[in-house]
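So the chains spell out like this:
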Amino acid sequence: QLQLVESGGGLVQPGGSLRLSCSVSEFTLNYYAVAWFRQAPGKEREGVSCITSSGRSTDYADSVKGRFSISKNNAKTTVFLQMNNLKPEDTAVYYCAAGGVCRLSGNYEYDFWGQGTQVTVSS
């Protein structure tokens, strides 16, 4: 099965930047859409961004538009989430997920999930 590993989380001051990575070891992501979700303590998981299998289309939650950017590397082995102008409300565990479509809301359930990486935005 597809295994996803997130990395790149950490502590950053408000206004700072982080780049998260979601990587696969033995498969490419050519045939999977990949999404980033986040979950803060006491809150439900929310979709942040997703990218289609081709990498030609992306989507973002309203709360991160203009600040976050999702992309794939050329080999389609890694999906990145570049997070700029971070705010305290961005603090959460961030998860990547792979599935058939790029969708952040609705009934679609992604097939594969990573273990998560902690992002903390605080001064």
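Before reading on, note that the structure itself is shown above.
The text that follows walks through the structure, step by step, so that each part is easy to find.

Cut-off values and rules
Residues numbered from 1 in each chain as written. Predicted model: local features only at pLDDT ≥ 70, side-chain atom pairs only at ≥ 80, totals over all residues. Heavy atoms only, no water. Helix = DSSP H or I, 4+ residues; strand = E, 2+ residues; numbered from the N terminus. Rg over C-alpha atoms; globule rule 2.2 N^0.38 Å. Buried < 20%, exposed > 50% of the residue type's maximum accessible area, 1.4 Å probe, protein only. Contact = heavy atoms within 4.5 Å. Lys, Arg positive; Asp, Glu negative; His and termini not counted. Charge placed at Lys NZ, Arg CZ, Asp CG, Glu CD. Salt bridge = Lys/Arg side-chain N within 4 Å of Asp/Glu carboxyl O. Core = buried A, V, L, I, M, F, W, Y, C linked by side-chain atoms within 4.5 Å. Pairing = 2+ DSSP bridges.

Here's the deal with the overall build of the chain
Within the chain one finds zero helices and eleven strands. Secondary structure elements of the chain occur, N-terminal to C-terminal, as β-β-β-β-β-β-β-β-β-β-β. The C-alpha atoms of the chain give 13 Å as radius of gyration, which agrees with the globular expectation for 123 residues (14 Å, within 12%). With the C-alpha coordinates of the chain rotated into their principal frame, the extents come out at 40 × 30 × 25 Å. Within the span of the chain, comprising 123 residues, buried residues form 43% of the whole. Partitioning the contacts of the chain with sequence separation of at least 6, the portion at a separation of at least 24 is 58%. For the chain, the distance from the average position of its 11 positive side-chain charges to the average position of its 10 negative side-chain charges is 7 Å.

A short note on the pattern of salt bridges
Counted under the stated rule, the structure contains four salt bridges. In this structure, Arg-38 and Asp-90 form a salt bridge, with 2.9 Å as the shortest nitrogen-oxygen distance. Remark: Asp-90 occurs in the loop between β8 (78-83) and β9 (92-99) and Arg-38 occurs in strand β4 (residues 33-39); sequence separation between them is 52 residues. Each of the two residues, Arg-38 as well as Asp-90, counts as buried. The salt bridge involving Lys-65 is made with Asp-62; its shortest N-O contact spans 3.1 Å. Taken together, the shared-partner salt bridges in this structure form one network comprising Arg-38, Glu-46, Arg-67 and Asp-90.

Points about the nonpolar core
Counting 29 residues, the largest nonpolar core has Leu-4, Trp-36, Phe-68, Leu-81, Met-83 and Tyr-94 as its most contacted members. For this core, the element with the highest residue contribution is β9, accounting for four residues. Counting six residues, the second-largest nonpolar core is a separate cluster that includes Phe-37, Cys-50, Ala-97 and Tyr-110.

Considerations on the pairing of strand β3 (residues 18-23)
Here strand β1 (residues 5-7) pairs with β3 via three bridges, running antiparallel. Pairing of Val-5 across the sheet is with Ser-23, part of β3. Where β3 and β8 come together, six bridges link them in antiparallel fashion. Of the residues in β8, the one forming a bridge with Ser-23 is Thr-78.

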